[in-house]
Structures are given as C-alpha cells and as structure tokens.
Amino acid sequence: MVSGSHFLEVNSFQKLIDTPFSGNVNAIGWRRELRGDFEEIAQKINQTDNITVVSARELGSLSLSPEGKMAREIILKDLQLLTDYGADPVLNLINHYEEDDFFFPTDVYSWHVDRSPIATDTFLCTYFGDSSEIISNESTIQKILIPEIRNQLERLYDGPEEGFNDFVAENFFDLHYEKTPGVKPFQLGIGHLWRLATDNPESPVLPCVHRAPRELTGPRLLLIC
Ligand SMILES: O=C(O)CCC(=O)C(=O)O
Ligand SMILES: [Fe+2]
C-alpha cells in the first residue's frame, strides 16, 4: 500500500470501499494497471454532446478489436461493482465541461468539493485522457474566506445580512477553493478507481478538494458517481 499525506492507495475494490477515511486521508485509490484499448472505445462512441453519457447498452453494441473488448469488459465490471455497492455510476465521454466566465467560476475546472445531503462518497476513474487532480485541504483556502472575493460577493448580494450564507451556498460559492501558490496537485492517473470524501453531514473527514483537468489529449472517458 502506497500512501501520500492525504490519500491512500489500496489493491482491491473491497479495500477501496472498506477502508475508512480518517485524519487527513480523504481520498482512497484502487491502483490498477488496466489492460485493453480504452482509446478505441473513446473513439468509437458516437459523440452527441460536449458530455456524452454512454449507456452499458451502447457500450455493449460497439464493434471492437480484442483489446477494445478487454477494455469494455473492465468498464462493465466496474459499473457492476459500483451498482452492486449501491452507487449509481455513469460513464461519460467528455469533450468539454460547461465553463463560467464569471469572476467566481463554479465549474468543475475550479478546485472544489462535492456536496451530498447523505453519507455518500464520489467515485471516479479516468480510463482515457487527462486525469482528475486532488490537493490536500491544508494546501487550499476556501474562496469565500479570501477578503477581496468575499467583498465582491457581498456587493453582488443585495438582501438581508442573515441571508448571505444561504446565498453563498445556493450558488455553490462555498464549495470552491483556491490552491496555495507553488503547491503541486496530485494527478489521480489513468485506470485507478478513486473514492473521494464529500461534504456530507456524517463525514468523519474534510471533503476532498479536486478538479477536472483540461482535456489536453482529446475527449476523456470517465466513470463517475
Ligand atoms: O471530470 C473530473 O475529473 C471531475 C468531475 C467533478 O469533479 C465533478 O463532476 O464534480
Ligand atoms: Fe467534483
């Protein structure tokens, strides 16, 4: 088992779901060296949008080489493992996420945490393309705590003072973070299945700060839930 200060790496799905988050650890990865041609799958999916949701049925209907078939089996198995666990995994082919050009972007290219009203974690695996990144909480600051940003938000908000926190939460401003300059983020890599702590009422740890990468090498094939 390899470990960083804020993440752990394990070698099975069972350990991925059984290992509790604790202390500074709010990300756990099932490290795998996957065999198969995931690029072929990314290329053969019929892209219908900037984010194409790929059903297990469509995946099953692709005409693939033997290596492509190996990749497909792995993805279908992951979807099944997560579904059996009670999650609701989605396979996406991502050309580009929607992006804000607002002074305070709240898109997924911005460092953020995921929030959930119930005790669930985020699972994600990039099979092909650029991989998601995480960063330790101590290397970030919640953006709403940065005085210049807070002042701008206060100017933007015109309502009673007691409503400010709701305004911030309703617009997801409280989920976004700024990275400390000079700190290098950790790339989650290709083929590994990660479990990230979310902001939820029962979480024993701080939520994991992460972001989507720029799609520099073309469309990404991502499982997420
Ligand atoms: O695409 C990714 O790598 C991450 C996406 C994400 O963070 C999200 O959907 O909340
Ligand atoms: Fe996220």
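Residues numbered from 1 in each chain as written. Chains lettered and ligands numbered in written order. Predicted model: local features only at pLDDT ≥ 70, side-chain atom pairs only at ≥ 80, totals over all residues. Heavy atoms only, no water.

**Q** Explanation requested: the UniProt feature "domain: Fe2OG dioxygenase" (unreviewed entry) in the chain in the structure shown.
**A** Taken from the UniProt record, the annotation "domain: Fe2OG dioxygenase" (unreviewed entry) applies to residues 86-225. In this annotation, residues 86-225 is assigned 12% helix and 25% strand; the end-to-end C-alpha distance for the span is 11 Å. (UniProt positions renumbered as here; feature names shortened; annotations may be inferred. Helix = DSSP H or I, 4+ residues; strand = E, 2+ residues; numbered from the N terminus.)

**Q** What's the story with the coordination of the iron ion (ligand 2) in this structure? I'm lost.
**A** Think of it this way: four donors in a tetrahedron around the metal ideally sit 109.5 degrees apart, and six in an octahedron ideally sit 90 or 180 degrees apart. The iron ion (ligand 2) binds to the protein through H112 (NE2), D114 (OD) and H210 (NE2); the donor distances cover 2.1 to 2.3 Å. Sequence positions of the donors to the iron ion (ligand 2) reduce to the motif H-x1-D-x95-H. (Donors = N, O, S within 2.8 Å, 3.2 Å for Na, K, Ca; no water.)

**Q** Just checking my understanding: could you explain the side chain of D107 for this structure?
**A** Topologically, D107 is positioned in the loop between β4 (90-94) and β5 (122-128). Look at D107: it is buried, it has no salt bridge, and the nearest opposite charge is R214 at 5.4 Å. Polar side-chain contacts of D107 include one of 3.1 Å to the backbone nitrogen of Y109. Look past the residues within four positions of D107 in its chain and what remains in contact with it is E98, E99, D100, H112 and H176. (Buried < 20%, exposed > 50% of the residue type's maximum accessible area, 1.4 Å probe, protein only. Lys, Arg positive; Asp, Glu negative; His and termini not counted. Salt bridge = Lys/Arg side-chain N within 4 Å of Asp/Glu carboxyl O. Polar contact = N/O pair within 3.5 Å; in protein donor to acceptor, adjacent residues only side chain to side chain. Contact = heavy atoms within 4.5 Å.)

**Q** So what exactly am I meant to see when it comes to the site of ligand 1 here?
**A** The immediate surroundings of ligand 1 are formed by Y97, V108, H112, D114, S132, H210, A212, P213, R220, L222 and I224. Within the side chain of Y97, a nitrogen or oxygen atom sits 2.5 Å from an oxygen atom of ligand 1. Between an oxygen atom of ligand 1 and a side-chain N or O atom of H112, the distance comes to 3.1 Å. Against a free-state accessible area of 300 Å², the protein chains account for coverage of 88% of ligand 1. Here the shell around ligand 1 takes 3 residues from strand β12 (residues 220-224), the largest share from any one element. Across the shell around ligand 1, the residue classes break down as 6 nonpolar, 3 polar and 2 charged. (Near = heavy atom within 4 Å. Areas by Shrake-Rupley, 256 points an atom, 1.4 Å probe, with all protein chains shown as cover. Nonpolar A, V, L, I, M, F, W, Y, C, P; charged D, E, K, R; others polar.)

**Q** How should I be thinking about the sheet that holds strand β9 (residues 186-187) in this particular structure?
**A** Backbone-to-backbone hydrogen bonds join strands into a sheet, with any given pair of strands oriented parallel or antiparallel. Here we have 3 strands laid out as an open sheet, ordered β9-β6-β11, and antiparallel in their pairing. The open sheet has two edge strands with one neighbour each: β9 and β11 (209-211). Relative to β9, strand β6 (residues 133-135) runs antiparallel, the two sharing 2 bridges. Bridge pairing in β9 links E133 to Q187. (Pairing = 2+ DSSP bridges.)

**Q** Teacher, can you tell me more about the environment of P204 here?
**A** Structurally, the position occupied by P204 is in the loop between β10 (193-196) and β11. Of the residues examined, P204 reaches a relative accessible area of 66% and is grouped as exposed. Counting along the chain gives 12 residues from P204 to L216, while the straight-line C-alpha distance between them is 35 Å.

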